[in-house]
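Report on the structure
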Amino acid sequence: MSSIQTIQVHTTPAYQVSIGPGLLAGCGRQLLPVLGPCHVAVITDSTVAPLYLDTVAASLRDAGFTVSTVVFPAGEGSKNFTTLSTILEALAEARLTRADCVAALGGGVTGDMAGFAAACYLRGIRCVQLPTTLLSAVDSSLGGKTAIDLKAGKNLAGAFLQPSAVLCDTDCLRSLPADVFADGAAEAIKTGVLDDESLFTLFEDGTLTAAPEEVIARCVRYKAGVVERDEKEQGERKLLNLGHTVGHAIEKCSDYTIPHGHAVAAGLAIIARASEAFGWAEEPIARRIAACLAKNSLPTGTEFSAEALAEAALADKKRAGSDITLVIPQKIGACELKKVPVTELLPVIRAGLEG
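Everything in this summary refers to the structure shown in the same document. Quantities reported herein were computed from a predicted structural model and do not represent experimental measurements.

1. Some points on the overall build of the chain
A count of helical and extended segments in the chain gives 13 helices and twelve strands. Its C-alpha atoms give the chain principal-axis dimensions of about 60 × 40 × 35 Å. Considering the chain as a whole, with its 355 residues, one finds that 58% of them fall into the buried category. For the chain, contacts bridging at least 24 residues in sequence account for 74% of all contacts bridging at least 6.

Laid out in structure tokens, this is it:
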């Protein structure tokens, strides 16, 4: 286990993110000092369960944990109250107490579902994140945001619940289909645009597949710092929504047939073009961002109209009254938060589609 990297996240509570190979097979002994002997309910989906559930359950039992499991149908379509209710009933049937823990084994949907269930059950029990996708490793498994979708839009019901630990097993990346891997690349590229041009150049050079552990670690360190300074998303943490206002709108317009990372990639390209069109960018960035996304098998636009996207985006949780906060890329490695009237959203999106 000498190749494992560890990153401390100083939130309330504080926790450790571990990154490296073989972590799922050893998760029991890794988690025992953190959780102590308890009942762990492993929540996963129908895609991940055949790949990793037996390994995780066996490791937990070998370490002395009592283990129960919940498997729900894979996909964004399961991220709703029906699935949440099923999970909560399963936790109650397994007689979990406030001394026990939920383990989220899977990608972003599973992390959201399991985390929200843990936040709701008995008014909050512990949760550990075991991400199996690049997207969940670089972004959604840390920071404590959990949510489900409503008919009106994505992630509109949720809670903050910081995990007790995050174990990112990089061996899981080998099982990912190319389009699922690309989903994670979108969030990692977003991090480069936000904070670190040298990280962004790794994606331009195609280094992501060659050194995923280092990319994950750099993304985690950046997000950890932001979350430590703004745990409940009152200010700086809103920057992490770069590409997400339009991205969430694309997901909603597609009835969630377009996956999150692909939608965020298109949203990132669109807002970069709009930033140039409105004179907000400090240097030409749109073509560079689009080329980087394309190199990593990600879209740079969408078939949906500006009108449809604006209507969907106005249901987004980033709206506050008659304003909406957009994350505007100024240059690679620097972005700003810009509050604009909702009446200006349509022209912004239109400029991003036409650029």
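Don't stop here, the text continues.
2. Let's talk about the packing of helix H6 (residues 178-195) against helix H7 (residues 197-204)
Two packed helices can be described by the angle between their axes and the distance between those axes. Remark: H6 packs on H7, axes separated minimally by 7 Å, with the N-to-C direction vectors making an angle of 145 degrees. Note that H6 runs across H7; the crossing there is left-handed. Contact with H6, carried on its side by Ala188, Ile189, Thr191, Gly192, Val193 and Asp195, involves Glu197, Leu199, Phe200 and Phe203 of H7 and no other residues of that element. Within the contact of H6 with H7, the residues separate by chemical class into six nonpolar, two polar and two charged.

3. Here's the deal with helix H9 (residues 244-253)
Across the ten residues of H9, eight count as buried, placing the element largely inside the fold. Turning to H9, its buried residues are His244, Thr245, Val246, Gly247, His248, Ala249, Ile250 and Glu251. Packed against the buried residues of H9 are strand E8 (153-160), H6, helix H10 (260-277), helix H12 (306-313), strand E11 (323-331) and helix H13 (345-354).

4. Structural notes on the side chain of Arg273
Considering the arrangement of structural elements, one finds Arg273 in helix H10. Although Arg273 lies buried, it forms no salt bridge, and the closest oppositely charged side chain, Glu276, sits 8.9 Å away as judged by the N-O distance. Apart from the residues lying within four places of it in its own chain, the contact partners of Arg273 are Ala286, Thr300, Gly301, Ala351, Gly352 and Gly355.

5. Quick look at the packing of H6 against helix H8 (residues 212-229)
Relative to each other, H6 and H8 sit at 55 degrees, their axes nearing to 10 Å. As the angle between them shows, H6 and H8 are arranged oblique. As for the relative orientation of H6 and H8, their crossing is left-handed in sense. Packed against H6, whose contacting residues are Ala188, Thr191, Leu194 and Asp195, the element H8 presents Val215, Cys219 and Tyr222 at the interface.

6. Let's talk about the packing of aromatic side chains
Scanning the entire structure with this criterion turns up one aromatic pair. Ring geometry for Phe278 versus Trp280: centroids 4.8 Å apart, planes at 20 degrees, classification stacked. Overall, Trp280 belongs to the buried group, its relative accessible area being 17%.

7. A look at the nonpolar core
In this structure, Val17, Ile189, Val193 and Ile289 are the most contacted members of the largest nonpolar core, which totals 72 residues. Looking at this core, the element that brings in the most residues is H10, giving nine residues. Core analysis: the second largest hydrophobic core is formed by 26 residues, Ile4, Tyr52, Val56 and Leu167 among them.

8. Here we look at unusual backbone geometry
Along the chain, Thr12 connects to Pro13 via a cis peptide bond; the corresponding omega equals 0 degrees. Not every positive phi belongs to a glycine, and Asp255 is a case in point at roughly 55 degrees. You can see Asp255 is positioned in the loop between H9 and H10. Asp255 gets classed as exposed once you look at its relative accessible area, which sits at 61%. Positive phi values are uncommon outside glycine, yet Ser297 reaches one of about 60 degrees. Take Ser297: it is sitting in the loop between helix H11 (286-295) and H12.

9. Considering the sheet that holds strand E6 (residues 126-131)
The strands that make up a sheet are held in pairs by hydrogen bonds between backbone atoms, and each pair lies either parallel or antiparallel. Taking strand neighbours across the sheet as the criterion, the seven strands line up as E1-E2-E9-E6-E5-E3-E4 in an open arrangement whose pairing is mixed. A single partner strand is all that each edge strand has here, and the edge strands are strand E1 (5-9) and strand E4 (66-72). Within this sheet the neighbouring strands show an average axis-to-axis angle of 15 degrees, counted without direction. Inspection of the sheet shows E6 paired to strand E9 (residues 165-169) by two bridges, in the parallel sense. Bridging across to E9, Val128 finds its partner in Ala165. Along the sheet face, helix H4 (residues 108-120) touches strand E3 (39-45), E4, strand E5 (101-106) and E6 and points at about 170 degrees away from the line of E5. Each of E1 and strand E2 (15-20) touches H8; the most contacted strand, E1, lies at about 10 degrees to it.

What counts and how
Residues numbered from 1 in each chain as written. Predicted model: local features only at pLDDT ≥ 70, side-chain atom pairs only at ≥ 80, totals over all residues. Heavy atoms only, no water. Helix = DSSP H or I, 4+ residues; strand = E, 2+ residues; numbered from the N terminus. Buried < 20%, exposed > 50% of the residue type's maximum accessible area, 1.4 Å probe, protein only. Contact = heavy atoms within 4.5 Å. Axes fitted to C-alpha atoms, helices over the stretch in contact; angles between N-to-C directions. Left-handed = near helix turned anticlockwise from the far one by under 90°. Nonpolar A, V, L, I, M, F, W, Y, C, P; charged D, E, K, R; others polar. Lys, Arg positive; Asp, Glu negative; His and termini not counted. Salt bridge = Lys/Arg side-chain N within 4 Å of Asp/Glu carboxyl O. Parallel < 35°, antiparallel > 145°, perpendicular 65-115°, else oblique. Phe/Tyr/Trp six-rings, centres within 6.5 Å; stacked < 30°, edge-to-face > 60°. Core = buried A, V, L, I, M, F, W, Y, C linked by side-chain atoms within 4.5 Å. Pairing = 2+ DSSP bridges.

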